[in-house]
Amino acid sequence: MSSIVSDRQFALIDGNAFYVSCERVFAPRLRGRPVVVLSNNDGCVVARSDEAKALGIGMGTPYFKIRQPYERAGGIALSSNYTLYADLSSRMMSIIGQYSERQEIYSIDESFLEWQGFRHAELDRMAFELRRQVGQWVGIPVGIGIGATKTLAKAANRLAKHHPDFRRSGVCNLSALAPARLEAYLAGIAPGDVWGIGARWAARLAGLGIRSALDLRQVDPAWVRLHFNVVLERIARELRGVACLALDEAPPPKQQIISSRSFGRLITALEPLRQAVSTHAARAAEKLRHEAAQTRALTVFLHTPPFNVSEPQYHPGVTIRLANPTSDTLALTAAALRGLLCIYQPGYRYQKAGVMLLDLAPARGEQLTLFPDDETGIPERSSRSALMAVMDRINRRMGRHTLWTAAQGVSGSRPAEDWRMNRGKLTPAYTTQWAELVVARAI
DNA sequence: TCTGGGGTCCTAGGACCC
DNA sequence: TCTGGGGTCCTAGGACCC
């Protein structure tokens, strides 16, 4: 078997409990202990170490619900340190990229590779070497799954992490297995654990007698199309080894950009909402320029807390069309603040605000109207884009809060951020701030 | 007291066009 | 006796992902 040269194979490489592993690189005291990383505002659990999983901590659990027993059991909780995770991610991804001409970076901790024309023994050897190298160079443990389709590679990755036959090596190559063994492993995977199948579909599938990935592989794809849709049909075909999902090497241009945050406390007054909306407009505009794109429409929205039924609920949103496509922070801020005035109602306690940019287009070759609108007078366009370029450069070089708009508010030498989120358990920016580097001392 | 943020794809139905 | 056919665009809603 292992001497046969394979046709195209997909590998899925991902970091185990990635955020927790990033934290452990620089804080050895976290090793061997239950550790969770919390979402923004220290709200929900978004990453768990094996030890935390063993305590029964579920993914997405609101932290306040488990905090007391968890901490009593010696558990540690940390705020999300995205600066650190993004930096370690890019180091990990560049190592992974050395192992194939074709790589898709699928998320902050997951990457697909495509391999063609290798013997299975060579595939396995490369996978082991990759795993060893990422472990040694970045300090992140990874799991690797190999299969004939992306969906099978995902399933293999799951087995590499959870199944006793593969957990020790951390590598699972489903394509190298005899059909009967492959089917035996697929029989042990619940439909809801297959990539692309969520809780809703899993429940409906169970009602129709589909109780494993193997069952789904064996039903007629046309039947799946009839009872569900083309998305699930593709998943069923992929489980049969028919590749329906291609490797996406270059991410397609974004279709929308969102910036939003829950507040650290509920807010009723207009001024802090203006500051928050201005900050979201500025962040969204910065992302837009990073994409080399412009927008022709922007939505502003507010939310009252969705979980407290005794409070009056209100979640308005308004979309503002722009006469000229733009990526100018000042123009987008002005439009967003106009939108805020349309939807703001006093008397509610707001929990969240955000700005979405829709209808994006590449920055070059845009259609201008004959008539400049108030915020982006055509004669000023080129000096405005030069201003934005300078602002982005300064903020990249000197730090995020070096230049900002007055509408974001001022508090000392920073934006006001009265609405700032809670991040009480934040670890240092170990790899991106000189002042926060780890110092090793000889004893 | 305390429940994240940022995305994608597909479908159905209505408006509108030639 | 009896009202075409084919197409696009937009929106809302539903499902999923990490």
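In this text the structure is predicted, and so the values were computed from the model without any measurement.

A. Local environment of the environment of Gly 143. Tracing the backbone shows Gly 143 in strand β7 (residues 142-147). Sequence-wise, Gly 143 and Asn 324 are 181 residues apart; in three dimensions their C-alpha atoms are separated by 48 Å. Once residues lying within four places of it in the same chain are set aside, the contact partners of Gly 143 are Leu 12, Ile 13, Asp 14, Asn 16, Asn 157 and Gly 170.

B. Quick look at the sheet that holds strand β12 (residues 350-362). A sheet is described by the order of its strands in space; here 4 strands give the open sequence β9-β12-β10-β11, paired in antiparallel fashion. Of all the strands in the sheet, the pair left with one neighbour each is β9 (257-267) and β11 (317-326). The sheet shows a mean angle of 15° between the axes of neighbouring strands, direction not considered. Here β9 pairs with β12 via 7 bridges, running antiparallel. If you follow Ile 258 over to β12, its bridge partner there is Met 356.

C. Just helix α5 (residues 120-137), in detail. In this model, α5 (18 residues) spans 26 Å end to end at C-alpha, consistent with the 26 Å of a helix rising 1.5 Å per residue. Listing the buried residues of α5 in full gives His 120, Leu 123, Met 126, Ala 127, Leu 130, Gln 133 and Val 134. Each buried residue of α5 lies within a common arc of 150° when the element is viewed along its axis, so the set occupies one face. Structural note: α5 exposes Arg 125 and Gln 136 on the side pointing more than 90 degrees away from its buried face. Where α5 is buried, its residues contact β1 (9-15), α4 (82-96), β6 (110-115), β7 and β8 (171-173).

D. Examining the protein's contact with DNA strand C more closely. Close contacts around DNA strand C come from 13 residues, with Ser 107, Lys 154, Gly 196, Arg 200 and Trp 201 the closest. A breakdown of the atoms of DNA strand C within 4 Å of the protein gives sugar and phosphate a share of 100%. Glu 110 is positioned with one of its side-chain polar atoms (N or O) 3.3 Å from a sugar or linking oxygen of DNA strand C. Elements supplying a minimum of two residues to the surface near DNA strand C: β5 (102-107) and α9 (199-207). Broken down by element, the surface near DNA strand C gets its largest block of residues, 3 residues, from α9. Partitioned by chemical class, the residues of the surface near DNA strand C number 6 nonpolar, 3 polar and 4 charged.

E. Main features of α4. The end-to-end C-alpha separation of α4 is 20 Å, in line with the 21 Å expected for 15 residues at 1.5 Å each. Residues Leu 84, Tyr 85, Asp 87, Leu 88, Ser 89, Met 92, Met 93, Ile 95 and Ile 96 constitute the buried set of α4.

Here is what the cut-offs are and how they apply
Residues numbered from 1 in each chain as written. Chains lettered and ligands numbered in written order. Predicted model: local features only at pLDDT ≥ 70, side-chain atom pairs only at ≥ 80, totals over all residues. Heavy atoms only, no water. Helix = DSSP H or I, 4+ residues; strand = E, 2+ residues; numbered from the N terminus. Contact = heavy atoms within 4.5 Å. Pairing = 2+ DSSP bridges. Axes fitted to C-alpha atoms, helices over the stretch in contact; angles between N-to-C directions. Expected span 1.5 Å × (residues − 1). Buried < 20%, exposed > 50% of the residue type's maximum accessible area, 1.4 Å probe, protein only. Arc of directions from axis to C-beta. Near = heavy atom within 4 Å. Polar contact = N/O pair within 3.5 Å; in protein donor to acceptor, adjacent residues only side chain to side chain. Nonpolar A, V, L, I, M, F, W, Y, C, P; charged D, E, K, R; others polar.

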